[in-house]
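Listed below are the residues making up each chain.
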Amino acid sequence: MWPPNSPPESSHTSRVDKSSSGSNDDPQLKEQCSWPLTQEQQDVIDEVAAGNNVFYTGSAGSGKSTLISAIVKKVWEMGKSVQVIAPSRVVAALHPGGMTVERFLGHIPNSMDIPINQLLHALSGKSTMKVAERRRFAADVLIIDEINMVSGEMLERINHLMTQLRPRKIRRADIHAPCGGAQLVVTGNFGQLPPTDPFRCCFLCGKKMRQLQGGSCFTCPSQNYHGGVYQESQKWAFKSNSWDFAKFDHVHLNEIHRQTDFDFVVILQKFRLRIPFTADEVRSMMEGGPKLSDATREDLDKFFEKHRHTEDGFLKIFSGDQLRPVVRLREGMNVILQVNVDKLAGLCNGSQGRIVGFEPFNTDRKMLHLSQGGDRPPPFWLVPGLNERFAKDIIRWYMERNQVQGWPRVEFKLANGELVTRTIRATFQVESFGGRLLLGRARIPLLPGWAITVPESQGMTIPRVALRASDTFGEGQMYTTMSRAPSLNGLTVIGNPHELPGCISDDIRKFLTEKFGTTPFMEPQLLNSYGG
Ligand SMILES: Nc1ncnc2c1ncn2[C@@H]1O[C@H](COP(=O)(O)OP(=O)(O)OP(=O)(O)O)[C@@H](O)[C@H]1O
């Protein structure tokens, strides 16, 4: 739950245990709220402050994720507690106190195979550890980012487990309210990446779902077909009962902040809405951007295999969902940063750089910071509260075991062309289930910079992007990738851009039209904000 320690006195009464809350001076929160809000962003905050359940959306780069920090700050000023969750680890790590949906729910990799009532039982109980673990269910406000990647089934789980596991004294008044009475704020863009494996297991019994009609329908294999038959289109969170139950206020953000290049905004909107490109637009996509190497993950794996024996200069990290088991780093190598190190200085998730050397390991407290920018205080405290000692031990163990090199020094090229060099140290995450600590994971938050997968690029602003149009891409992937680039100068499409698939399906179009009328589809309106 955010914030993690005791809050200052507030004129408002929080309904949760204040010992679990924290300092308003947290550097990550301050650093992320340093830009002025636009009116439409302020409107979202006002909706949240009024206590409504809110779903806000907008094109890629409209500031959805960034707005979360301002909402957290507002909620906190009101004396309430808040928890931010997101389906992907990469995006969750960008938010104050953020965690993955699965971790929030106390899930481990096989938890989806377990009947929901057994899961409830495992998470219930009165031991101190379990009570501490469950404290997050007591948050006054639950914020879910990247809701487009949260399946309808997962939203039902969140609703069910929160309703059952919220402390009784909070729950009693709101027994018939969604999520046991917690205020819900959800955001995302249903034109971007869809949920991964949305019908994997039956919610009730945990059995693997059976595919029907070539994958267009799914059902539980048990005799009474728990839940009946699901259409593939029911994968989206907005199709679930919990979505209707929440009675969201729907807000659409129209201004786009990542791209300031008018022509590029037009191209992205056309792509999103499946409007054909002009010849000039095709040319600018193919010729305008950087000449980057055209590599797939297989190419990279081959590269690594070939260089397997040159162990000197390599560091290892542990694996997570989208993390590779081993990332070998060496001087001269291009890398991409996976977390926000210092947003004010322009070093954030997606920054591209080159390793220029290694800083010898040391075992003092500094190892827990991602970086240190001269005299400035460390911008990012990586290991809060209870896990700090554990994290230090793991990272120290890592350093003692890998004597060869040290932390990589990376020279980043900022969007304005300036070069900034920083040491990148380890981050640390823990996974727990039912109050038990299961896994501690340390990693250096860098990816090889020749190529990354689309899910890895989520939430990033990447100054220079090259993508291949001819590859078979899934729903929303191309739009997600293209919209990482801030300008046409930073985008190169290899192949024929006419082959790029549009991203909004009829289901999503219908949903958006129902909620926002024609606003998301009115090109002239969208373009007006850019003077077009
Ligand atoms: N009010 C604002 N003023 C200036 N810049 C902003 C503002 N809001 C957001 N930004 C910047 O715009 C960029 C995109 O923001 P953000 O990543 O939050 O958008 P998003 O809608 O979540 O994008 P995506 O869906 O593609 O991940 C970021 O660099 C962010 O700092």
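For clarity, every value in this text was computed on a predicted model and none was experimentally measured.

J.: Is there a simple way to think about the overall build of the chain in this case?
T.: Counting its regular elements, the chain contains 18 helices and 18 strands. Taking contacts inside the chain between residues at least 6 apart in sequence as the whole, the part at least 24 apart equals 70%. For the chain, the exposed surface amounts to about 23100 Å²; the carbon and sulfur share of it is 50%.

J.: Looking at this structure, I do not really get the sheet that holds strand β7 (residues 217-219). What am I missing?
T.: The pairing of strands in a sheet comes from backbone hydrogen bonds and takes either a parallel or an antiparallel form. Taken in spatial order, the three strands make up an open sheet running β6-β7-β8, and their pairing is antiparallel. Here the strands that pair on one side only, and so sit at the sheet edges, are β6 (210-212) and β8 (229-231). Strand-to-strand, the axes of this sheet are offset by a mean angle of 30 degrees, without reference to chain direction. Relative to β8, β7 runs antiparallel, the two sharing three bridges. Across the sheet, the residue bridging to Phe218 is Tyr230, located in β8.

J.: Would you mind going over the site of the ligand with me for this structure?
T.: In the vicinity of the ligand lie 17 residues, with Gln41, Lys64, Thr66, Arg258 and Arg484 positioned nearest. Gln41 places a side-chain nitrogen or oxygen 2.8 Å from a nitrogen atom of the ligand. Within the side chain of Arg258, a nitrogen or oxygen atom sits 2.8 Å from an oxygen atom of the ligand. Compared with its free state, where it exposes 640 Å², the ligand has 82% of that area covered by protein. Tallying contributions element by element places helix α3 (residues 64-77) first for the shell around the ligand, with three residues. The class makeup of the residues in the shell around the ligand is three nonpolar, 11 polar and three charged.

J.: Could you clarify how one ought to interpret the sheet that holds strand β16 (residues 446-448) in this entry?
T.: What the five strands build is an open sheet, ordered β13-β12-β11-β10-β16; its pairing is antiparallel. What marks the edges here is a single partner per strand, and that holds for β13 (419-423) and β16. Between one strand axis and the next, the sheet turns by 40 degrees as a mean value, whatever way the strands run. Bridging between strand β12 (residues 407-413) and β13 involves five bridges; their strand directions are antiparallel. Directly across from Val410, in β13, lies its bridge partner Arg422.

J.: Looking at this structure, how should I read the nonpolar core?
T.: If you look at the biggest cluster of nonpolar residues, it comprises 41 residues, and the most contacted ones within it are Phe55, Phe104, Ile144, Ile147, Ile158, Phe190 and Trp243. Looking at which element gives the most residues to this core, the answer is helix α8 (residues 152-165), with six residues. Once residues within four sequence positions are removed from consideration, Phe55 is found in contact with Ile147, Val186, Thr187, Gly188, Phe190, Trp243, Phe248, Asp249, His250, Val251, Phe511 and Phe516. The next biggest cluster of nonpolar side chains, apart from the first, holds 24 residues, and it includes Leu329, Val335, Leu337 and Val339.

J.: Teacher, can you tell me more about the environment of Gly106 here?
T.: Its location among the elements puts Gly106 in the loop between α5 (101-104) and α6 (116-123). Taking C-alpha positions, Gly106 is 25 Å from Asn340, a pair spaced 234 residues apart along the chain.

J.: Any chance you could explain the pairing of strand β5 (residues 183-187) here in plain terms?
T.: On any regular strand, side chains alternate: one points to one face of the sheet, the next to the other face. Counting buried residues along β5, five of its five residues qualify, which places the element largely inside the surrounding structure. The two faces of β5 match: Gln183, Val185 and Thr187 on one face and Leu184 and Val186 on the other face are all buried. Alignment of strand β4 (residues 141-144) against β5, held across four bridges, turns out to be parallel. Bridging from a neighbouring strand, Ile143 pairs with Val185 of β5.

J.: Looking at this structure, how should I read the pattern of salt bridges?
T.: Working definition: two side chains of opposite charge can pair if their charged atoms are close together. Scanning the entire structure with this criterion turns up nine salt bridges. Of the charged contacts in the structure, one is a salt bridge between Asp507 and Lys239, with a shortest N-O distance of 3.3 Å. Placement of Asp507 in helix α17 (residues 506-516) and of Lys239 in the loop between β8 and α10 (241-246) is noted, with a sequence separation of 268 residues between them.

J.: I would appreciate a short explanation of the environment of Val150 in the present structure.
T.: Within the secondary structure, Val150 sits in the loop between β4 and α8. Exposure remark for Val150: the relative accessible area of 1% places this residue in the buried category. In sequence terms Val150 and Asp244 are 94 residues apart; their C-alpha atoms lie 15 Å from each other.

J.: Please clarify how helix α12 (residues 279-287) should be interpreted in this entry.
T.: An α-helical turn contains 3.6 residues, so any two residues separated by three or four positions project in the same direction. Among the residues making up α12, those that are buried are Glu281, Val282 and Met285. For α12, the angular spread of the buried residues around the axis is 100 degrees, confining them to a single face. Projecting away from the buried face of α12 at angles above 90 degrees are the exposed residues Ala279, Asp280 and Glu287. The elements touched by buried residues of α12 are α11 (262-273), α16 (477-482) and β18 (491-494).

J.: What should I look at first to understand the packing of aromatic side chains in this one?
T.: We describe a pair of aromatic rings using the distance from one ring centre to the other and the angle between the two ring planes. Taken as a whole and judged by the stated rule, the model has 14 aromatic pairs. Consider the rings of Phe190 and Trp236, whose centres lie 5.7 Å apart with planes at 85 degrees: the pair is edge-to-face. Within this pair, whereas Phe190 is found in the loop between β5 and β6, its partner Trp236 is found in the loop between β8 and α10, the two being separated by 46 residues in sequence. Between the aromatic rings of Phe190 and Trp243, the centroid separation amounts to 6.1 Å while the plane-to-plane angle is 65 degrees, which identifies the pairing as edge-to-face. Remark: Trp243 occurs in helix α10 and Phe190 occurs in the loop between β5 and β6; sequence separation between them is 53 residues. By the burial criterion, Phe190 is buried, and Trp243 matches it. Feature note: the residues Phe55, Phe190, Trp236, Phe238, Trp243, Phe248 and Phe511 constitute an aromatic cluster, connected by ring pairs.

About the criteria used
Residues numbered from 1 in each chain as written. Predicted model: local features only at pLDDT ≥ 70, side-chain atom pairs only at ≥ 80, totals over all residues. Heavy atoms only, no water. Helix = DSSP H or I, 4+ residues; strand = E, 2+ residues; numbered from the N terminus. Contact = heavy atoms within 4.5 Å. Areas by Shrake-Rupley, 256 points an atom, 1.4 Å probe, with all protein chains shown as cover. Pairing = 2+ DSSP bridges. Axes fitted to C-alpha atoms, helices over the stretch in contact; angles between N-to-C directions. Near = heavy atom within 4 Å. Polar contact = N/O pair within 3.5 Å; in protein donor to acceptor, adjacent residues only side chain to side chain. Nonpolar A, V, L, I, M, F, W, Y, C, P; charged D, E, K, R; others polar. Core = buried A, V, L, I, M, F, W, Y, C linked by side-chain atoms within 4.5 Å. Buried < 20%, exposed > 50% of the residue type's maximum accessible area, 1.4 Å probe, protein only. Salt bridge = Lys/Arg side-chain N within 4 Å of Asp/Glu carboxyl O. Arc of directions from axis to C-beta. Phe/Tyr/Trp six-rings, centres within 6.5 Å; stacked < 30°, edge-to-face > 60°.

In short, the description is geometric, and any link to function would need to be established separately.
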